[in-house]
Amino acid sequence: MMIHAYRETYLNSAQSVLGDAFDYAVNTCKISGNDFVQLFVSSSVSRRMENGEPAVIAGKSGIEIAWEVIFETTGRRIESDPKERFERSVEYWIGWAVAYYQWYSSRRYSDIFKALSFDDLQKMYHTLHEADITKFVDIAEERTRGYFKDTNLKRIRTAYGCSQAELSRRAGVSLRSIQMYEQRRKDINKASAETLYSLSKVMGCTIEDLIEKSK
């Protein structure tokens, strides 16, 4: 069972907010898409959106989010009036689609944008912007998994033939934690000795087998 980043109640708002933020930053503020991606992922705003903070994903407009990202990362205050638009831009779709995938996968925005650059997303727009969002999710998941190789935990669990839910039940470790370790959203190297021992005991491996070696 997939556990999403936050309650679905806020999903539509998060998509609209990030779509508007990208549209405004690129088309009104004339910041390149790649540059705004870097500003966004280095800001606290991206992490607060990942956690589904209502004050960010439902309490502010996309333009206000763009202002906050730009000010926090550059110290510049930009309050240009948004241009009137009668249809959604490529940039809006990029923010809208990525927000959905982040909610779906619970991945960090920084990791998503490592696997899918702004230029990659622009190329995807023409074939996917009118398609069901699940098609984008499938491609994004394939690209992201290809970029981030399996963790030792996932590799050993898969070889052992154990589902995440079964491992959770048998090891007494929450399903959410196992998913986050395998997605690299939590560092398994910082897990408690008790957690590592429980996981290794179920799968018949050593604690050292689960540790991620630094590259």
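Before reading on, note that the structure itself is shown above.
Predicted, not measured: the structure shown is a model, and the values here were computed from it. (Residues numbered from 1 in each chain as written. Predicted model: local features only at pLDDT ≥ 70, side-chain atom pairs only at ≥ 80, totals over all residues. Heavy atoms only, no water.)

**Topic: the overall build of the chain**
This is how it is decided: Counting from the N terminus, the helices are the DSSP runs of H or I reaching at least four residues and the strands are the DSSP runs of E reaching at least two. Relative accessible area decides the class of each residue, using a 1.4 Å probe on protein chains only: under 20% of the type maximum gives buried, over 50% gives exposed, and in between gives partly exposed. Each accessible area is a Shrake-Rupley estimate made with a 1.4 Å probe; only the visible protein chains count as cover when residues are assessed. When charges are counted, Lys and Arg are positive and Asp and Glu negative, with His and the chain ends excluded. By convention, the charge on Lys lies at NZ, on Arg at CZ, on Asp at CG and on Glu at CD.
Along its length, the chain carries 14 helices and zero strands. Walking the chain from its N terminus toward its C terminus, one meets helices and strands in the order α-α-α-α-α-α-α-α-α-α-α-α-α-α. Here the C-alpha coordinates of the chain stretch approximately 60 × 35 × 35 Å along the principal axes. Per-residue burial over the chain gives 48% buried out of 215 residues. Looking at the chain as shown, the accessible area adds up to about 11,300 Å², and 48% of this sits on carbon and sulfur atoms. One finds the centroid of the 31 positive side-chain charges in the chain at a distance of 6 Å from the centroid of its 30 negative side-chain charges.

**A short note on the side chain of Glu91**
Selection rule: We call two residues contacting when some pair of their heavy atoms lies within 4.5 Å.
Mapped onto the fold, Glu91 is located in helix H6 (residues 90–105). Residues within four places of Glu91 in sequence aside, it is in contact with Gly19, Phe22, Asp23, Val26, Asn27, Phe118 and Gln122.

**Some details on the packing of helix H2 (residues 33–42) against helix H5 (residues 62–74)**
For the record, the criterion: Simply put, an axis is a line fit to the C-alpha atoms, just over the touching stretch for a helix, and the angle between two N-to-C directions goes from 0 to 180 degrees. Should an angle lie under 35 degrees it is considered roughly parallel, over 145 roughly antiparallel, and from 65 to 115 roughly perpendicular; all remaining angles are considered oblique. Residues are grouped as follows: nonpolar covers Ala, Val, Leu, Ile, Met, Phe, Trp, Tyr, Cys and Pro; charged covers Asp, Glu, Lys and Arg; every other residue, Gly included, is treated as polar.
Orientation of H2 relative to H5, taken along the N-to-C sense of each, is 80 degrees, at an axis distance of 9 Å. The orientation of H2 relative to H5 falls into the category roughly perpendicular. Across the interface between the two elements, Phe36, Leu39, Phe40 and Ser42 from H2 touch Ala66, Val69, Ile70, Thr73 and Thr74 from H5. Residues belonging to the contact of H2 with H5 are distributed by class as follows: six nonpolar, three polar and no charged.

**Let's talk about the pattern of salt bridges**
Quick note on the threshold: Counted as salt bridges are all cases of a side-chain nitrogen of Lys or Arg within 4 Å of a carboxyl oxygen of Asp or Glu.
All chains considered together, the criterion is met by 12 salt bridges. Between Arg48 and Glu53 there is a salt bridge, with the nearest N and O atoms lying 3.2 Å from each other. Note that Glu182 and Arg157 form a salt bridge whose closest N and O atoms lie 2.6 Å from each other. Placement of Glu182 in helix H12 (residues 175–182) and of Arg157 in helix H10 (residues 152–160) is noted, with a sequence separation of 25 residues between them. Neither Glu182 nor Arg157 differs from the other in exposure class; each is buried.

**Focus on the environment of Thr158**
To keep things clear, this is the line we draw: For this analysis, a polar contact is any N or O atom pair within 3.5 Å, provided that within protein one partner can donate a hydrogen and the other can accept it, and provided that sequence-adjacent residues contribute only side-chain to side-chain pairs.
The topology assignment puts Thr158 in helix H10. Measuring from C-alpha to C-alpha, the distance between Thr158 and Met203 comes to 10.0 Å, with 45 residues separating the pair along the chain. Within the local environment of Thr158, its side chain forms a polar contact with the backbone oxygen of Lys154, the two atoms lying 2.8 Å apart.

**Description of the packing of aromatic side chains**
What counts is decided by this rule: Any Phe, Tyr or Trp ring, taking Trp's six-membered ring, that has another such ring centre within 6.5 Å forms a pair; planes under 30 degrees apart are called stacked, those over 60 apart edge-to-face, and the others tilted. Both a distance and an angle decide whether a charge sits over a ring: NZ of Lys or CZ of Arg must be within 6 Å of the ring centre and within 35 degrees of the ring normal.
Inspection of every chain in the model, using the stated rule, returns nine aromatic pairs. Taking the centre distance of 6.3 Å and the plane angle of 10 degrees together, the rings of Phe22 and Phe118 count as stacked. On the criterion of sequence distance, the pair formed by Phe22 in helix H1 (residues 11–28) and Phe118 in helix H8 (residues 118–128) is long-range, its members being 96 residues apart. For the pair shown, Phe22 and Phe118 are each scored as buried. Ring-pair connections join several aromatic residues into one group, and the members of that group are Phe22, Phe36, Phe40, Tyr109, Phe113 and Phe118. If you follow Arg77 out to its NZ or CZ, it ends over the ring of Phe71, 4.0 Å from the centre.

**What to know about the nonpolar core**
Applicable threshold: Throughout, nonpolar core names a set of buried Ala, Val, Leu, Ile, Met, Phe, Trp, Tyr and Cys residues whose side chains join them through atoms within 4.5 Å.
Counting residues in hydrophobic clusters, the biggest one holds 48 residues, and the most contacted among them are Phe36, Phe40, Met49, Tyr109, Phe113 and Phe136. Ignoring sequence-local partners within four residues, the contact set of Phe136 consists of Trp93, Ala97, Val98, Tyr101, Leu121, Met124 and Leu128. If you look at the next biggest cluster of nonpolar residues, it comprises 16 residues, including Ile156, Leu167, Ala171 and Ile178.

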